[in-house]
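If you want the building blocks of each chain, they are given just below.
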Amino acid sequence: MSRQFSFPSYPFVAGFFLTLTNLIAEPSDEMLDLQYHARQIIAHKCWKCHGSERDEGDLRLHTRQHIMDSGTVDLANPQASRLLQRINLPEGHKKVMPSESKLPDDEIAVLTKWIEGGMQWDGRGAFKEAPLAPRYVPPIEGSPYVHRIDQHIDRYFEQNGIAWQPLVGDRIFLRRAYMDCIGLLPTKEEANAFISDSSPNKRRALVSELLSRKKSYQQHWQTFWNDLLRNAYTGTGFITGGRTRITDWLRSSLMSNKPYDIMVNELLSTNASSRGFIDGIKWRGTVSASQSTEMQAAQNSAQVFLGLNIKCASCHDAFTSNWSLMQSHQLAAYFSQSGSVPIHRCDKDTGKVATPKFLFDALGRDDDDASANKNEVQSKPENFQLKTDLTVNSAHYGLQDKPEQQIDVSQKIRKQIESGSYIISSNNRLVDSDSAPRKKNVLVIDMTYNGIHLKKIIRQNEKIDIVKVIQTEQRLMELGQLFTHRENGRFSRTIVNRYWSQLMGRGLVFQVDEMDGLPWSVDILDDLAYRFVEHGYDIKWLITEIMTSRAYQLPSVLSTSRKTLSKTDYIFKGPIVRRLTAEQFTDCFSQVVKPIYTHKGKVVRASDNPRDTFQAALGRPNRDNVVSMRSERGNLLESLELTNGTKLDSTLNEVAKEVYQQYGNDVIVYIADLFDRGLGRQATQRELELLVSIYNETKTSSGYYDIIWTFINLPEFQSIF
Amino acid sequence: MKRKHPVDIMILSGRSSIYLNFNRYFKSNIVKIISEWIVMDRRDFVKLLGTGTMAMLGAPSPSRAFEVKHDLSRATADHVIWITMAGGMAHTETFDPKVYTPYEKGLHASKVLSTFPSIPTSVDELYLSKGLEHLAQVMHLGTLIRSYQAADLGNILHTKHQYHFHTCYQPPQSVSVPHIAAWVSHEIGGINPVLPNWINIGQQFVKGEKEELKLFHSAGFLGAQHGPFVISDPRKSMSSVNPPPGMDISRFERRNRVYREMLANSPVADVLSDYQIESFQRSMQQAYALVKSPSAKAFDLSQETQEVHSDYGESKFAKGCLMARRLVEHGARFVTVSTDYIPFKGWDTHKDGHRTAKKMKETIDRPIAQLIKDLERRGLLERTIVFVGTEFSRDSMIEGRLGQEVRDQAQTPNSLSDISHYGMHRHFTDGISLLAFGGGFNRGLVYGRTADERPCKVVDNPIRIDDIHQTIYHALGISKGTHAFTEQRPFYTTPDGKGKARKALLQSA
């Protein structure tokens, strides 16, 4: 299937979009909602029998053309449309459609309205798609700005009649930079040093210095990546061994600033330390076909790395995108040990099978190596000589969570592996094994095959065929190459947009998981993505590039609702105010007031601590699904946790006593210090009066308790602006 | 919008508009409490209603493709008390007794259908299992469903079936799925705006499948504002709605006053008009209002007399039922009460099933019966659904369902050599009994039937979870086809919107 794009190239859109919108009526949100919903009803309720793959009664309804050709719809006289007549028959009538259950009234109303409105079906029987290829955007000659982002912003502002605002002062920049690079507040000394520094490049130098604090950087960004890769320390699946963590892999990747393309290649492999990502969450018992672990891997890798939603397409041809049932299964097949997956439609086996094929034909088509590899892995190579090709470097038993606590396997098992026979583990024991200890429930094999180094963890109750393991690994290596292909512009645009969204409060494309959406600046997105690749997929380069732009240093912009932010006519004027994440809030509290989590006397960063009631109430999600945006709204449960939750209460009680002992009636000194460290400013006279008045009521530690409580609940403390 | 009645209050939730006719409450006792509360707390009430309505107007809830109209004037229920017999309650040992086979050494498990004799009830020809004497006396007030069939989900994992029971969706799902209570909160909001819309009592999240439990005790993509207010132990519930220990109410009020003045005098006050910060301030104010409000007393069981306490009983579950009654009196929308699922505890009998079932019946019999009687006496049962459910049933022989048997998990031999081998030790997903009282459910109805011989599966009027959920939505006036958009696709209250209200269960449909 060749893929076309509804807008041929970005420059076209970028250059003419403003004028075009005046000339061509873009479908309104409401019309699009109606259209999507109508098509969804048809997809869900009709395609089972009348879709792309079935045509009962010679009727197919999966494209507008098919509907029109069938004659079931009469646009001139909508009420005479057979489609509408059939769905309007009374329940139980032998001709009512759908035959198994009549559509609810509201769905009939949607279809009627849609047909009466001309049955709009935008796109080529499908939906808007962003271009795949990367695009080089040349620097703007004669621009007053050197920074490439600012060159584009400058032009953008000019086109939109916006004037540059003066950049934020050092205090605000300092706080932003600290929160965004390492998720901590500057100390007094750090703040003073920065503010008194008169060097013109000090902001860039600060970003660079902060990003070089490897551990703090890792601890802060761990949160974002844990959410995105749904890596949790506790959660579903763990109880029955159906899930593995990738925490250590993620930590070391962030510590070493591993290039993003390498990260993704590793995530899309059976690497022992990162395989938790593609292995997904396995629930005991049977699950729907659209949630098989292979399908989870396909859904998550498409969503996370390419900003593509194929969740709908894993059940039936999608109705909000162009992805088909076949394509989602073809992607899932890469992850399957057998190299193929049975195709299920709405959980029913179609009897067909999908073999690996990437979502985008254009990639790797001219790449002979890749296609040759593909053919090779589809069938077992004839001369496959495991005995000579495979070397087991080490094999040992370990625990699910600590596979490195090893106990070597017997020579017998080692021989079995090398001879390529099946290894079956069950009930915590490897069959035929005489050395597997009961409580060591995984087998870790480190092997080399044809120069490919593989580390494989075999969990209990897993049936492993070493030949297939190696074939799967080869398939996944190929897949990794396709995902991270230099011609795959989606790959770099998706991550660039995620970071923009994290740092600026709103993505270039608003929905960070739906990269077919139109960016508010095509040039910035393409340019950043292109240069990100040129810079070796260096994530710290990307952060630096965004944070050193004047765009990042603009005063923050207030938003009236998330909805206004999401609008397609959104105009960038500066970063959006952001609320601290649960982890940032906790860490800042720990810094300024008293450590909330400690281990052996040392402060534990929130991201290293499991999700508890306190974190959950503050919005740290359970990571059963990919989370790419935290909710920014307050809610009652969170507020109650902050009002009388035990975790906060006990910490405040302790600290209030300590502070009272130390400061006694010198309450002003403490308040000044609190403001200095927590907000980087002095308290105003009025603020001082108010807080002192709380203390003066009792002149005991409870006064300090209430002062601190009031302080940490100030929106100024809880946001980045 | 036109006001139909001077005391009508319009609540806007998402894009659906609802008329809540306060007049209707004047017929029941609840109005006294609500109107008292209005009088006592009038200023805060008006303020809250104001900000609450504003909040909802501005709330970015998942949008809809079309307006869903809920017709609350046709609703037969306003409140739901959703009680779960967590761990799998055997129907043949409780609400659907079969032939009683007393224990004797050497007896084979296949000979055992019920380990208790039957007792008569307040409904002619209806028999329950011995040990449910109190419930037997209230059966004329509700509907007994004997034909619930759970899904086939393979090798049994309780929380997987519980997830399905509570959300109507089989796990895992590619998006975070809302609990039925969260849907109700999202669609029709609360009644008393001070109380959380969904209050969840009795379930702990500390042992066993705790993460799986958390997954469906959630509002999912509808947003945390519709999530559960968790009271793990109702005997210690006041700490949830009181100021922190050691803080008296005047100090609490003073702190709040200073806090608000700090906001008003902030040098960065302009930033505070951002919607995120506004919504945070609003919810801080809501938390303050709840803690300070007389409605918080709903959580205070010490307000009840010793007599009432002993009518309900002393167990944690009993206190949960009592609290549910108090909460409904104070205008709570949705209260969930659980016997507390902990693997191999409570109803989860992998061994010693007979003696455990006896104990569990003691745990639930009085409290639920007393709750029903109490609600009925106070005129609240008419508008309150009390639903008693369980994720599946149990059997002494069949694991899973006949024909679809799965990995055996019983811990006892089939040839009984000890009393601890006697009972229902396997998970059976058919023939499940459920109870539904009040809120428009029929009185004295027995719906569905199971076979009298093994397998004791449904032989008449089978019902699945989709229809059960839809029947409850229907009673609450929540329209069929209700859905919300997530990730650009509509997600329905029942899968694909296919659930149908089972009208035979309802008094008038």
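Residues numbered from 1 in each chain as written. Chains lettered and ligands numbered in written order. Predicted model: local features only at pLDDT ≥ 70, side-chain atom pairs only at ≥ 80, totals over all residues. Heavy atoms only, no water.

### Notes on the overall build of chain B
Within chain B, the secondary structure is distributed over 14 helices and 18 strands. Counting every position in chain B, which comprises 509 residues, the buried fraction comes to 65%. Of the contacts formed within chain B by residues at least 6 apart in sequence, a portion of 77% connects residues at least 24 apart. About 17900 Å² of surface is accessible on chain B, with carbon and sulfur atoms providing 51% of the total. (Helix = DSSP H or I, 4+ residues; strand = E, 2+ residues; numbered from the N terminus. Buried < 20%, exposed > 50% of the residue type's maximum accessible area, 1.4 Å probe, protein only. Contact = heavy atoms within 4.5 Å. Areas by Shrake-Rupley, 256 points an atom, 1.4 Å probe, with all protein chains shown as cover.)

### Section: the interface of chain A and chain B
Residue-level contacts link 85 residues of chain A with 87 residues of chain B. Surface buried jointly by chain A and chain B totals about 7500 Å² across both partners, of which 60% is contributed by carbon and sulfur atoms. The largest contributions to the chain A side of the interface with chain B come from Trp-283, Arg-284 and Arg-633 of chain A, which together make up 11% of the buried area. The tally of links from chain A across to chain B stands at six salt bridges. Arg-686 of chain A is the salt-bridge partner of Glu-261 of chain B, the closest N and O atoms lying 2.7 Å from each other. Where chain A touches chain B, the interface holds 27 residue pairs in polar contact (both at pLDDT 80 or more). Of the residues belonging to the side of chain A that touches chain B, the class tally is 24 nonpolar, 35 polar and 26 charged. (Buried area = accessible area lost by both parts, 1.4 Å probe. Salt bridge = Lys/Arg side-chain N within 4 Å of Asp/Glu carboxyl O. Polar contact = N/O pair within 3.5 Å; in protein donor to acceptor, adjacent residues only side chain to side chain. Nonpolar A, V, L, I, M, F, W, Y, C, P; charged D, E, K, R; others polar.)

### Structural notes on helix H7 (residues 148-160) of chain A
Residue and element names in this part refer to chain A. Helix length check: H7 (13 residues) gives 18 Å between terminal C-alpha atoms against 18 Å at 1.5 Å per residue, within 8%. Looking at the packing, one finds that the buried side of H7 touches helix H21 (489-504), helix H22 (522-534) and helix H23 (539-547). Positioned one or two residues after H7, Gly-161 has a phi angle of 65 degrees, which is positive. (Expected span 1.5 Å × (residues − 1).)

### Considerations on helix H10 (residues 202-211) of chain A
Looking at H10 of chain A, one finds that the buried residues are Lys-202, Arg-203, Leu-206, Val-207, Leu-210 and Leu-211 of chain A. On its buried side, H10 of chain A packs onto helix H8 (170-181), helix H9 (188-196), helix H11 (214-228) and H23 of chain A.

### Brief notes about the sheet that holds strand E6 (residues 142-148) of chain B
All names here are of chain B. The sheet built from eight strands is open, its strands ordered E8-E7-E9-E3-E10-E13-E6-E14 with mixed pairing. Since the sheet does not close on itself, it has two edges, and those belong to strand E8 (229-231) and strand E14 (445-447), each with one partner. On average, each strand axis in the sheet is inclined to that of its neighbour by 15 degrees, with strand direction left out of account. As defined by bridge partners, strand E3 (residues 79-84) adjoins strand E10 (residues 384-389) across six bridges and the pair is classed as parallel. Within E10, the residue paired with Thr-84 across the bridge is Gly-389. Sitting on the sheet, helix H12 (residues 316-329) touches E3, strand E7 (198-201), E8, strand E9 (334-338) and E10, and the angle it makes with E9 is about 175 degrees. Each of E3, E6, E10 and strand E13 (432-437) is contacted by helix H14 (residues 465-476), which is oriented at about 155 degrees to E3, the strand it contacts most. (Pairing = 2+ DSSP bridges. Axes fitted to C-alpha atoms, helices over the stretch in contact; angles between N-to-C directions.)

### As for the packing of H10 of chain A against H23 of chain A
Residues and elements named next belong to chain A. Direction vectors running N to C along H10 and H23 enclose 155 degrees, while the axes themselves pass 10 Å from each other. One element, H10, and the other, H23, form an angle in the roughly antiparallel class. Crossing of H10 over H23 shows right-handed handedness. Between H10 and H23, the contacting residues are Arg-204, Val-207 and Leu-211 on the first element and Lys-540, Ile-543, Thr-544 and Met-547 on the second. Grouping the constituent residues of the contact of H10 with H23 by class yields four nonpolar, one polar and two charged. (Parallel < 35°, antiparallel > 145°, perpendicular 65-115°, else oblique. Left-handed = near helix turned anticlockwise from the far one by under 90°.)

### A few points about the confidence of the model for chain A
Residue and element names in this part refer to chain A. Residues at a pLDDT of 70 or more form 83% of chain A, whose mean pLDDT is 84. Across residues 1-26 the pLDDT falls below 50, and counting only partners more than four positions away or on other chains, this stretch makes 38 contacts in the model. Every residue in residues 424-437 is under pLDDT 50, and counting partners more than four places away or in other chains gives 40 contacts. (pLDDT = per-residue confidence, 0-100.)

### Considerations on the pairing of strand E17 (residues 483-486) of chain B
Side-chain alternation along E17 of chain B places His-483 and Phe-485 of chain B on one buried face and Ala-484 and Thr-486 of chain B on a second face that is also buried. Between E17 of chain B and the antiparallel strand that follows it, strand E18 (residues 489-492) of chain B, lie two residues; Glu-487 of chain B among them carries a positive phi value of about 50 degrees.

### What about the packing of H21 of chain A against H22 of chain A?
Residues and elements named next belong to chain A. H22 packs onto H21 with a crossing angle of 110 degrees between their chain directions and a minimal axis gap of 9 Å. Comparing the axis directions of H21 and H22 gives the class roughly perpendicular. For the pair H21 and H22, the sense of crossing is right-handed. From H21, Ser-492, Arg-493, Ile-495, Val-496, Asn-497 and Trp-500 reach across to H22, where they touch Ile-524, Leu-525, Asp-526, Leu-528, Ala-529, Phe-532 and Val-533.

### Considerations on the pattern of salt bridges
Residue and element names in this part refer to chain A. The full count for this structure, using the stated rule, is 66 salt bridges over all chains. Arg-213 is the salt-bridge partner of Glu-209, the closest N and O atoms lying 3.0 Å from each other. Residue Glu-209 is classed as partly exposed on the basis of its relative accessible area of 33%. In this structure Arg-213 comes out as partly exposed when scored by relative accessible area, which is 23%.

### Let's talk about unusual backbone geometry
The linkage connecting Met-97 of chain A with the following residue, Pro-98 of chain A, adopts the cis geometry, with an omega of -10 degrees. Following the sequence through the fold, Pro-98 of chain A ends up in the loop between helix H5 (82-88) and helix H6 (105-116). In this model, Arg-454 of chain B is joined to Pro-455 of chain B through a cis peptide bond whose omega is -5 degrees. Positionally, Pro-455 of chain B belongs in the loop between strand E15 (449-450) and strand E16 (458-460). Of note in the backbone geometry, Arg-230 of chain A takes a positive phi value of approximately 40 degrees without being a glycine. Considering the arrangement of structural elements, one finds Arg-230 of chain A in the loop between H11 and helix H12 (247-255). Within the chain, Cys-168 of chain B stands out as a residue other than glycine whose phi angle is a positive 80 degrees.

### Re the side chain of Lys-202 of chain A
Residue and element names in this part refer to chain A. For Lys-202, the location among the structural elements is in helix H10. What makes Lys-202 buried here is its relative accessible area of 9%. A polar contact of 3.5 Å, which involves the side chain of Lys-202, links it to the backbone oxygen of Ile-195. Other than its neighbours up to four places away in sequence, Lys-202 contacts Asp-170, Phe-194, Ile-195 and Asp-197.

### Let's talk about the nonpolar core
Counting residues in hydrophobic clusters, the biggest one holds 114 residues, and the most contacted among them are Phe-717 of chain A together with Ile-83, Phe-299 and Ile-368 of chain B. Ranked by residues supplied to this core, first place goes to H12 of chain B with eight residues. Those residues within four positions of Ile-83 of chain B in sequence are excluded, and the remaining contacts are Phe-317, Cys-321, Val-337, Ile-368, Leu-371, Val-386, Phe-387, Val-388 and Gly-389 of chain B. Leu-250, Ala-313, Trp-323 and Met-515 of chain A belong to the second largest nonpolar core, which has 101 residues in total. (Core = buried A, V, L, I, M, F, W, Y, C linked by side-chain atoms within 4.5 Å.)

### A short note on the state of the cysteines
Residue and element names in this part refer to chain A. Under the defined criterion, the tally for this structure stands at zero disulfides over all chains. Of all cysteine sulfurs, the one in Cys-181 lies closest to Cys-588, which takes part in no disulfide; the gap is 14 Å. For Cys-588, a relative accessible area of 0% gives the class buried. (Disulfide = S-S within 2.5 Å.)

### Structural notes on the environment of His-164 of chain B
All names here are of chain B. When you line up the elements, His-164 lands in helix H5 (residues 158-167). Remark: the alpha-carbon pair of His-164 and Met-360, spanning 196 residues in sequence, is separated by 23 Å. With residues near it in sequence (within four places) discarded, His-164 still touches Ala-151, Tyr-169, Gln-170, Pro-171 and Ile-465.

### Side note on the packing of aromatic side chains
Residue and element names in this part refer to chain A. A full pass over the atoms with the stated rule returns 48 aromatic pairs over all chains. Through pairs of rings, three or more aromatic residues link up here, namely Tyr-145, Tyr-156, Phe-157, Trp-164, Trp-500, Trp-520, Tyr-570 and Phe-572. Taking NZ or CZ as reference, Arg-245 lies 4.5 Å from the ring centre of Phe-238, over its face. The ring of Tyr-217 carries the charged tip of Lys-540 above its face, separated from the ring centre by 4.4 Å. (Phe/Tyr/Trp six-rings, centres within 6.5 Å; stacked < 30°, edge-to-face > 60°. Lys NZ or Arg CZ within 6 Å of the ring centre and 35° of its normal.)

### So, the environment of Tyr-136 of chain A
Residue and element names in this part refer to chain A. Structurally, Tyr-136 is set in the loop between H6 and H7. Once the C-alpha coordinates of Tyr-136 and Asp-527 are considered, the two residues, 391 residues apart in sequence, prove to be 6.2 Å apart. Aside from chain neighbours lying at most four places away, what touches Tyr-136 is Arg-148 and Tyr-530.

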